[in-house]
Amino acid sequence: MGKIEWAMWANEQALASGLILLTGGIVGVAGQFRGWEFAAYAVAAGVFVCLLEYPRSKRAKGTSMERSGQYCFTVCVKSFGPLTRNYYVRAFLHAGICVPGGFMLATVLGCVCLAIASLIYLAAAIRGEHWEPILPRKDSRKPVAESIKNPPQNPPPRPPPETRRKQAKDVEAAAYDNPMTVTDDE
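Residues numbered from 1 in each chain as written. Predicted model: local features only at pLDDT ≥ 70, side-chain atom pairs only at ≥ 80, totals over all residues. Heavy atoms only, no water.

Roughly 430 Å³ of volume is contained in the largest pocket. Along the wall of the largest pocket there are 21 residues; nearest its centre are E5, M8, K58, R59 and A60. Sort the elements by how many residues they give to the lining of the largest pocket and helix 1 (residues 6–30) lands first, with 4 residues. Residues belonging to the lining of the largest pocket are distributed by class as follows: 7 nonpolar, 5 polar and 9 charged. Taken as a whole, the second largest pocket encloses approximately 260 Å³ of empty space. Along its surface, the second largest pocket is lined by 10 residues, and S64, E66, I134, L135 and R137 are the ones closest to its centre. (1 Å grid on protein atoms, 1.4 Å probe; cavity = no way out; pocket = protein on both sides within 12 Å on 5 of 7 lines; lining within 4 Å. Points joined across faces, edges and corners; volume = space filled by probe spheres on them. Helix = DSSP H or I, 4+ residues; strand = E, 2+ residues; numbered from the N terminus. Nonpolar A, V, L, I, M, F, W, Y, C, P; charged D, E, K, R; others polar.)

In structure tokens:
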């Protein structure tokens, strides 16, 4: 069995909870609910969490699929250095951000989801994981093999090479040579 990369799960959970927190905050502000100031905070916190969590981290093994348009966010997150690379910092940051969201019903779901993401980040930090940016790599072109440059001329299924038709300009040279002797036994 492979080792679970907890940071991947935490990233997805935190991004979803940021969107939920943002949505709950918009509902709270638009509805002018009692304590709508917490909803305004939730809008700002949701946007911050989404911007922080949008870039995916490079996986320890295997291929890393980046999100579309992730590069500009990766540069911003990478510029903060150890504050954003360390998952202990992210765990405590998300735990602190989610507290004011618990004081209003419209934002409590985003608050709980962000608290769960914080716990998953804490588990990732305990296991020694850290955020590593996915940077665009330089594609080194390998030389194309000779067989790929010249594709086959006849469609599949192709007969073995010794029984193929000979390509020639005149009809006599292109005649099919039957490797089996054919006799007329009448």
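Still more to cover.
Moving on, we come to the environment of S57. Inspection of the secondary structure assignment puts S57 in the loop between helix 2 (36–53) and helix 3 (70–79). Taking C-alpha positions, S57 is 5.4 Å from W131, a pair spaced 74 residues apart along the chain. With residues near it in sequence (within four places) discarded, S57 still touches Y87, H130, W131, E132 and I134. Within polar-contact distance, the side chain of S57 engages the backbone nitrogen of E132 at 3.1 Å. (Contact = heavy atoms within 4.5 Å. Polar contact = N/O pair within 3.5 Å; in protein donor to acceptor, adjacent residues only side chain to side chain.)

The next subject is unusual backbone geometry. Of note in this structure, Q32 is not a glycine but carries a positive phi near 50 degrees. The topology assignment puts Q32 in the loop between helix 1 and helix 2.

Next up on the list: a nonpolar patch on the surface. On the surface, a cluster of nonpolar side chains totalling about 460 Å² of accessible area is made up of L105, V108, L109, V112 and I116. Topologically, I116 is positioned in helix 6 (residues 108–126). (Patch = residues over 30% accessible without salt bridge, like charges linked within 9 Å, V, L, I, M, F, W, Y side chains within 5 Å. Areas by Shrake-Rupley, 256 points an atom, 1.4 Å probe, with all protein chains shown as cover. Salt bridge = Lys/Arg side-chain N within 4 Å of Asp/Glu carboxyl O.)

Now for the side chain of T74. With respect to the helices, strands and loops of the structure, T74 is situated in helix 3. Sequence-distant contacts of T74, that is, excluding residues within four places in its chain, are made with P55, W131, P133, I134 and L135.

The next thing to look at is the packing of helix 1 against helix 6. Relative orientation of the contacting elements helix 1 and helix 6 amounts to 165 degrees, with a least axis distance of 8 Å. One element, helix 1, and the other, helix 6, form an angle in the roughly antiparallel class. The two elements helix 1 and helix 6 cross, and the hand of that crossing is left-handed. Along the contact surface, helix 1 presents W6, A7, W9, A10, N11, Q13, A14, S17, I20 and L21, while helix 6 presents L109, G110, C111, C113, L114, I116, A117, I120, Y121 and A124. Grouping the constituent residues of the contact of helix 1 with helix 6 by class yields 16 nonpolar, 4 polar and no charged. (Axes fitted to C-alpha atoms, helices over the stretch in contact; angles between N-to-C directions. Parallel < 35°, antiparallel > 145°, perpendicular 65-115°, else oblique. Left-handed = near helix turned anticlockwise from the far one by under 90°.)

It is worth spelling out helix 1 at this point. Taking 1.5 Å of rise per residue, the 25 residues of helix 1 would be expected to cover 36 Å, and the 36 Å separating its terminal C-alpha atoms lies within 8% of that figure. Along helix 1, the residues that are buried comprise A7, A10, N11, A14, L15, S17, G18, L21, L22, G24, G25 and G28. The inward-facing, buried residues of helix 1 contact helix 2, helix 5 (87–98) and helix 6. Just downstream of helix 1 lies Q32, where phi reads positive at about 50 degrees. (Expected span 1.5 Å × (residues − 1). Buried < 20%, exposed > 50% of the residue type's maximum accessible area, 1.4 Å probe, protein only.)

Another aspect to go through is the UniProt feature "transmembrane region" (unreviewed entry) in the chain. Per the UniProt record, the feature "transmembrane region" (unreviewed entry) sits at residues 38–55 and 91–124. For residues 38–55, the end-to-end C-alpha separation is 27 Å, with 89% helix and 0% strand making up the annotated structure. Overall, residues 91–124 shows 74% helix and 0% strand. The separation of its end C-alpha atoms is 9 Å. (UniProt positions renumbered as here; feature names shortened; annotations may be inferred.)

On to the packing of aromatic side chains. Evaluation of the coordinates by the stated rule reveals 3 aromatic pairs. Taking the centre distance of 5.3 Å and the plane angle of 35 degrees together, the rings of F38 and F103 count as tilted. Residue F38 is found in helix 2, and its partner F103 is found in the loop between helix 5 and helix 6; the two are separated by 65 residues along the sequence. Residue F38 is classed as partly exposed on the basis of its relative accessible area of 32%. Geometrically, the ring pair formed by Y87 and Y121 is tilted, given 4.9 Å between the ring centres and 35 degrees between the ring planes. In this pair, Y87 sits in helix 5 while Y121 sits in helix 6, placing the two residues 34 residues apart along the sequence. The class of Y87 is buried, set by a relative accessible area of 1%. Lying over the aromatic face of Y54, R67 brings its terminal NZ or CZ to 5.6 Å of the ring centre. (Phe/Tyr/Trp six-rings, centres within 6.5 Å; stacked < 30°, edge-to-face > 60°. Lys NZ or Arg CZ within 6 Å of the ring centre and 35° of its normal.)

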